[in-house]
Amino acid sequence: MDNVTNEERYLTFALGKGRLASKTLELLEKIGITCEEMKDKDSRKLIFVNEEQKIKIFLAKGPDVPTYVEYGAADIGVVGSDTIMEENRRVYEVLDLGFGNCRMCVCGPAESKELLRHREMIRVASKYPKIAKDYFYNQKHQTVDIIKLNGSVELGPIVGLSDVIVDIVETGSTLRENGLEVLEEICPVSARMIVNQVSLKMEADRIKKLLQALKEKE
Ligand code: PRP
């Protein structure tokens, strides 16, 4: 007989690697969720366990976080709303964590403003092809050629690959230093907590308590 109670089951967190992960760990620590093992910067371990609290935490590439959560490999994920929109996975978005704030924008050289205004057939480079497609096709009703890139997207207009880019802008310094500017704003972006649809029912009490504690820290 399975005698493992709900309280004894591990709650697994998937955190997007990079800027958001350290902020998320800080926040979790404030509400008493800690993982000492993770503080060892030299470690190549991928998953960290807090036996006492029955918590597991792993770091993954941002776009993979909603995948782990949809399939239940993680109960909870923390990732930017840009990634959640782009991946469009079946997960519940439960909380805006209030950090990682930036904007999803159409950017390019000032001259590209005219191309946007006249709804010309332009090339758009982006790490977010679905968001770019939805914005141009469904919201602006403009037919464009979307080119998927995996990073340093600002290169697109500089080297003549594309007329504009769709990307996140945080401080704006990458744009400024490369002679580009925000041409249109698509939507605000911030870090969100997502939950597996089954976990939200099976672990309702623990997740509710967690959300309550996080909200009180805001
Ligand atoms: C992100 C984004 C921009 C930059 C914006 O890239 O794609 O390039 O940050 O930030 P800023 O407005 O503060 O300059 P990231 O650093 O994640 O690297 P990547 O381009 O390789 O994806």
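Above this text is the structure in question.
Residues numbered from 1 in each chain as written. Predicted model: local features only at pLDDT ≥ 70, side-chain atom pairs only at ≥ 80, totals over all residues. Heavy atoms only, no water.

### With respect to the overall build of the protein chain
Across its full length, the protein chain holds nine helices and eleven strands. Based on the C-alpha atoms only, the size of the protein chain along its principal axes is roughly 65 × 35 × 30 Å. By the burial criterion, 44% of the 218 residues in the protein chain qualify as buried. Taking all contacts inside the protein chain whose residues are at least 6 apart in sequence as the whole, residues at least 24 apart take part in 68%. When the accessible area of the protein chain is evaluated, it comes to approximately 12300 Å², of which 49% is carbon and sulfur surface. Side-chain charges in the protein chain split into 32 positive and 36 negative, and the spacing between the mean points of these groups amounts to 1 Å. (Helix = DSSP H or I, 4+ residues; strand = E, 2+ residues; numbered from the N terminus. Buried < 20%, exposed > 50% of the residue type's maximum accessible area, 1.4 Å probe, protein only. Contact = heavy atoms within 4.5 Å. Areas by Shrake-Rupley, 256 points an atom, 1.4 Å probe, with all protein chains shown as cover. Lys, Arg positive; Asp, Glu negative; His and termini not counted. Charge placed at Lys NZ, Arg CZ, Asp CG, Glu CD.)

### Here's the deal with the pattern of salt bridges
Scanning all chains against the criterion turns up twelve salt bridges. Where E70 meets R89, a salt bridge forms, and the shortest distance between an N and an O atom there is 3.7 Å. In this pair, E70 sits in helix α2 (residues 65–70) while R89 sits in the loop between α3 (81–87) and β5 (92–96), placing the two residues 19 residues apart along the sequence. Look at R89 and you get partly exposed, because its relative accessible area is 29%. One salt bridge connects E181 with K113, and the closest N-O pair in it is separated by 3.3 Å. On the criterion of sequence distance, the pair formed by E181 in strand β10 (residues 181–189) and K113 in helix α4 (residues 112–117) is long-range, its members being 68 residues apart. With a relative accessible area of 31%, E181 lands in the partly exposed category. In the salt-bridge network here, residues are joined through shared partners; they are R9, D75, E203 and R206. (Salt bridge = Lys/Arg side-chain N within 4 Å of Asp/Glu carboxyl O.)

### Looking at a nonpolar patch on the surface
There is a patch of nonpolar side chains on the surface, built from L155, I158, V159 and L161 and spanning about 340 Å² of accessible area. Locating V159 in the fold gives a position in the loop between α6 (155–158) and β9 (164–169). The exposure class of V159 is exposed, given its relative accessible area of 61%. (Patch = residues over 30% accessible without salt bridge, like charges linked within 9 Å, V, L, I, M, F, W, Y side chains within 5 Å.)

### A look at the site of the ligand
As a structural note, the neighbourhood of the ligand is formed by 13 residues, with K127, E154, D167, T171 and T174 the closest of them. At 2.9 Å, a backbone N or O of S152 approaches an oxygen atom of the ligand. E170 places a polar main-chain atom, nitrogen or oxygen, 2.8 Å from an oxygen atom of the ligand. Protein contacts shield 73% of the accessible area of the ligand, which totals 500 Å² for the unbound molecule. Elements supplying a minimum of two residues to the shell around the ligand: β9 and α7 (173–176). Sort the elements by how many residues they give to the shell around the ligand and β9 lands first, with three residues. In terms of residue class, the shell around the ligand is made up of two nonpolar, six polar and five charged. (Near = heavy atom within 4 Å. Polar contact = N/O pair within 3.5 Å; in protein donor to acceptor, adjacent residues only side chain to side chain. Nonpolar A, V, L, I, M, F, W, Y, C, P; charged D, E, K, R; others polar.)

### Re helix α5 (residues 129–139)
Along α5, the positions that sit buried rather than exposed are I131, A132, Y135 and F136. Along the axis of α5, the buried positions cluster into a sector of 115°, meaning they face one direction only. Looking one or two residues beyond α5, the residue adopting positive phi is H141, at roughly 55°. (Arc of directions from axis to C-beta.)

### Remarks on the sheet that holds β5
Pairing is mixed across the open sheet formed by six strands, whose spatial order is β2-β3-β1-β4-β11-β5. In the strand order of this sheet, the two ends are held by β2 (47–50) and β5, each with one partner. Taken over all neighbouring pairs, the strand axes of this sheet differ in orientation by 25° on average, direction set aside. Here β2 pairs with strand β3 (residues 55–60) via four bridges, running antiparallel. Pairing of V49 across the sheet is with K56, part of β3. Against the sheet, helix α1 (residues 19–30) makes contact with β1 (11–16), β3, β4 (76–80) and β11 (191–195), and its axis sits at roughly 140° relative to β1, the strand it touches most. (Pairing = 2+ DSSP bridges. Axes fitted to C-alpha atoms, helices over the stretch in contact; angles between N-to-C directions.)

### Here we look at the environment of L183
Assignment of secondary structure puts L183 in strand β10. Taking the C-alpha atoms as reference points, L183 and D205, separated by 22 residues in sequence, lie 45 Å from one another. Setting aside its immediate chain neighbours within four residues, L183 contacts V106, C107, G108, P109, A110, S112, K113, L116 and V164.

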